[in-house]
Amino acid sequence: MRQINLHNRVLTADLVELLEVSEDTIRRDLQELCDNQQLFKVHGGALSRSYQSTFDDSEIYAREAKIAIAKKTTQLIKDGMVVLTGGGTTIIELVKQLPINLKATFFTISPFVAIELAKYAGIEVIMIGGLFSKNSKVTYGGHVISQLTDIKADLCLLGTSAIHPLDGLTDTDWEINQLKKTMLQCARHTAILCISEKLGISLRLKVASLGNIDHLITELPANNTLLKDYQIESLQIH
């Protein structure tokens, strides 16, 4: 359950390797957890309930930490900015914390984020359309990437599945990886929003090195020892 809540989704094959048990055992356990309404079972793995039920605050994993991250991140957003965002519960918490009178333009690949942004009178919301990922709940694919390359944003805001001092940002989904790589290239400044439980984790696919990120925002104080290995000259820690 920790792996599922931490990464929002998990593959059966990864759980087999991590827990050193058989695939049949994992499948039975996932079915039992699904029957108890603790997760959503999908082909090849499972999804966190918080990832499916975005607007149900009681289902959001580590919500207090995500709110703390959101409040820090709002300090980066100023009137007149063009902001590009990914999806996920941390980004949605950020939107809820924005100043009510903010005047800005937001591009997003997440319908859930777009709906929250639409509540602000002074924010122009531009939804980037394309194929829709049932797992990640964002648009993706060649059409989305083509649209992204025409954007010159002031700030790109992304959540992450994992961040490691040596391996940087990593993920497990090839399509989402390509999407995030493109998004990071479309903005003058980039910020990664990450709960501390995702620090020190490395997954199978590389998104970007720490040197390609301008801001790392966690719920921890910037001088926390867990963040010591992330302190490089080009990365500002919040």
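For the structure, check the block above.
Residues numbered from 1 in each chain as written. Predicted model: local features only at pLDDT ≥ 70, side-chain atom pairs only at ≥ 80, totals over all residues. Heavy atoms only, no water.

Attention shifts here to the sheet that holds strand S6 (residues 123-127). Read across the sheet, 7 strands follow the order S6-S5-S4-S9-S12-S14-S15 without closing on themselves; strand pairing throughout is parallel. The open sheet is flanked by S6 and strand S15 (236-237), the only strands paired with a single partner. Inspection of the sheet shows strand S4 (residues 82-85) paired to strand S9 (residues 153-159) by 3 bridges, in the parallel sense. Opposite Val-83, over in S9, you have Leu-155 as the bridge partner. Strands in contact with helix H5 (residues 63-73) are S9, strand S12 (187-193) and strand S14 (215-217); relative to S14, the strand with the most contacts, it is inclined by about 145 degrees. Across the sheet, helix H6 (residues 89-96) is in contact with S4, S9 and S12; its angle to S9 comes to roughly 130 degrees. (Pairing = 2+ DSSP bridges. Helix = DSSP H or I, 4+ residues; strand = E, 2+ residues; numbered from the N terminus. Contact = heavy atoms within 4.5 Å. Axes fitted to C-alpha atoms, helices over the stretch in contact; angles between N-to-C directions.)

Let's shift gears to the packing of helix H2 (residues 12-19) against helix H3 (residues 23-35). Packing of H2 against H3 brings their axes to within 9 Å, and their N-to-C directions diverge by 115 degrees. In terms of axis orientation, H2 runs roughly perpendicular to H3. Between H2 and H3 lies a crossing whose hand is right-handed. Along its contact with H2, which presents Thr-12, Leu-15, Val-16 and Leu-19, the element H3 presents Glu-23, Ile-26, Arg-27 and Leu-30. Residues belonging to the contact of H2 with H3 are distributed by class as follows: 5 nonpolar, 1 polar and 2 charged. (Parallel < 35°, antiparallel > 145°, perpendicular 65-115°, else oblique. Left-handed = near helix turned anticlockwise from the far one by under 90°. Nonpolar A, V, L, I, M, F, W, Y, C, P; charged D, E, K, R; others polar.)

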